[in-house]
Amino acid sequence: MHPSELSQVRLFCLPHAGGSASAYFKLSELLGPRIEVLAVQYPGRQDRRNEPCIESIPTLAEMIASAMVEWIDRPYAIFGHSMGAIIGFELALRLGSGGAGEPVHLFASGRRAPSTIRDERVHLLDDSGLVAELHRNGGTDRRLLADADLLSMILPATRSDYRAIENYVFTGSKQLSCPITALLGNTDRKCSLDEAAAWMRHTSAAFDLRTFEGGHFFLDANIEGVARDVSAALVGYGWNCTTDNSQGGSHSEIRDPGPGSRRRLIR
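Note that the structure is predicted; figures quoted are calculated from it, not measured.

Calculation notes
- Residues numbered from 1 in each chain as written.
- Predicted model: local features only at pLDDT ≥ 70, side-chain atom pairs only at ≥ 80, totals over all residues.
- Heavy atoms only, no water.
- Helix = DSSP H or I, 4+ residues; strand = E, 2+ residues; numbered from the N terminus.
- Contact = heavy atoms within 4.5 Å.
- Polar contact = N/O pair within 3.5 Å; in protein donor to acceptor, adjacent residues only side chain to side chain.
- Buried < 20%, exposed > 50% of the residue type's maximum accessible area, 1.4 Å probe, protein only.
- Expected span 1.5 Å × (residues − 1).
- Bend = angle between axes of the 7 residues up to and from the residue.
- Salt bridge = Lys/Arg side-chain N within 4 Å of Asp/Glu carboxyl O.
- Phe/Tyr/Trp six-rings, centres within 6.5 Å; stacked < 30°, edge-to-face > 60°.
- Pairing = 2+ DSSP bridges.
- Right-handed = clockwise from strand over helix to strand, strands pointing away.
- pLDDT = per-residue confidence, 0-100.
- Arc of directions from axis to C-beta.

### Some points on the environment of E102
For E102, the location among the structural elements is in the loop between helix 3 (83-97) and strand 4 (105-109). Separated by 75 residues in sequence, E102 and S177 have C-alpha atoms that sit 7.7 Å apart. Setting aside chain neighbours within four positions, we find E102 in contact with Y76, A92, G96, Q175, L176, S177 and C178. At 2.9 Å, the side chain of E102 and the backbone nitrogen of S177 are in polar contact. At 3.2 Å, the side chain of E102 forms a polar contact with the backbone nitrogen of C178.

### Quick word on the side chain of H105
Here H105 lies in strand 4. Take H105: its relative accessible area is 7%, and that puts it in the buried class. Excluding anything up to four places from it in sequence, H105 contacts Y76, A77, I78, C178, P179, I180, T181, A233 and L234.

### Topic: the side chain of K190
Position of K190 among the secondary structure elements: in the loop between strand 5 (180-185) and helix 7 (193-197). With a relative accessible area of 15%, K190 lands in the buried category. Not counting chain neighbours up to four residues away, the residues in contact with K190 comprise R112, R118, E120, E133, N137, E195 and H216.

### Side note on helix 8 (residues 219-233)
Helix length check: helix 8, at 15 residues, gives a terminal C-alpha distance of 17 Å against a target of 21 Å (1.5 Å per residue), a shortfall beyond 12%. The sharpest bend along helix 8 comes to roughly 45°, located at G225. Among the residues of helix 8, those classed as buried are L219, N222, I223, G225, V226, A227, D229, V230 and S231.

### Some details on the pattern of salt bridges
Inspection of every chain in the model, using the stated rule, returns 20 salt bridges. Through salt bridges with shared partners, a single ionic network connects R112, E120, E133, R136, R189 and K190.

### Some details on the packing of aromatic side chains
Applying the stated criterion across every chain yields a total of six aromatic pairs. With a centroid separation of 5.8 Å and an interplanar angle of 80°, the aromatic rings of F12 and Y76 are classed as edge-to-face. In this pair, F12 sits in strand 1 (residues 9-14) while Y76 sits in strand 3 (residues 76-81), placing the two residues 64 residues apart along the sequence. Exposure class is identical for F12 and Y76. Each is buried.

### Section: unusual backbone geometry
The omega torsion of the bond from G32 to P33 falls at 5°, within 30 degrees of zero and hence cis. As for its position among the elements, P33 is in the loop between helix 1 (25-31) and strand 2 (35-39). Although it is not a glycine, S82 sits at a positive phi angle of roughly 55°. Residue placement: S82 occurs in the loop between strand 3 and helix 3.

### Points about the pairing of strand 4
Within strand 4, five of the five residues are buried, which leaves it mostly tucked inside the rest of the structure. Every second residue of strand 4 is oriented toward a common face, with H105, F107 and S109 on one face and L106 and A108 on the other, all of them buried. Bridging between strand 3 and strand 4 involves five bridges; their strand directions are parallel. Bridging from a neighbouring strand, G80 pairs with A108 of strand 4. The parallel pair strand 3 and strand 4 is bridged by helix 3, and the resulting crossover is right-handed.

### Things to note about the confidence of the model for the protein
Overall, the predicted model of the protein reaches an average pLDDT of 86, with 87% of residues at or above 70. Note that residues 239-267 has pLDDT below 50 and, in this model, 95 contacts with residues that lie over four places away or in other chains.

### Here we look at helix 2 (residues 57-68)
Residue pairs spaced three or four apart in an α-helix point in one direction, given the helix's 3.6 residues per turn. An ideal rise of 1.5 Å per residue puts 16 Å on twelve residues; helix 2 measures up with 16 Å between its terminal C-alpha atoms. Among the residues of helix 2, those classed as buried are I57, L60, A61, I64, A65, A67 and M68. Here the buried residues of helix 2 occupy an arc of 165° about the axis, which is enough to place them on one side. On the buried face of helix 2, the contacting elements are strand 1, strand 3, helix 3 and helix 6 (148-166).

Rendered as C-alpha cells:
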C-alpha cells in the first residue's frame, strides 16, 4: 500500500467479512516505511466485483497462499480482523507446511480462536436482517446502509463472506510455532475475552492479548495504538520498527486500495 525500500518486514493484512483492502490504508500509513503493508482484496467486491465470491475459508486460504509465495522474500507477518483472523491462521498453517515458512507473527484481531464454537447463522437472514446485523456491528457507514443501490452491490459479497466464516470448522490439531497476538475490543459482542484468550492454544510460542476500548470495529478508533503494538511485536526483524512516518512513500497496491499503480494479490 505504501511501498518502501527501507522495509525488511512485510505485513499481509486480511479484511473482515464484507470488507475490502482499503480498510488497512491508515495502518499502512502509520507503519511505513519500516513495515510494508500488503492488503488482500477478496474477489466479489470493489475492483473485483465481477469475480465470483469464494464461500469456503480453506479454498480462499489456498488461493491467497499461492499468490503470496512470490512476495515472501523477507520476514513477514500476518494481520487479520474478524474473518480475516481465521483466514490468516489458515494461511500461516499452509505456508508453514508448504515450504515458504511460517510468519514471524500472527495478529488475530476481533475474532474468537479457531477452536471455539458458536452457532451463528447470519448468512441465512434476509437482506433486512443482514443490514440490521451490520448496523449492530458498526464499522459500516450508515449512509451506505441506507442507499438501496449501494446495498445491492455490497450485500452479495457480505453474505458470501458470512457463509464462509459461519460454516468454517477447525478440524486440525496442528499448532503454529510463531507468536500470536490477539487484539480485542472490550465491548465486542462477537468475541469474549475468554474466546480471544483461547488463541493461546494455537501456538507453541509466545502469546499476548491486547484489549482496547470499543466494540467489534475497535480498530477504527484505536488504530494508532494498534500500530504501536504491531511495531513493538516486530522489533528485531530487520529494523527497530516505529510508527514514525517522516519518510513516507508513494502509493501502490498488491491490491493497493490507495491511489497509484495496482498489482492484485489474489487473481
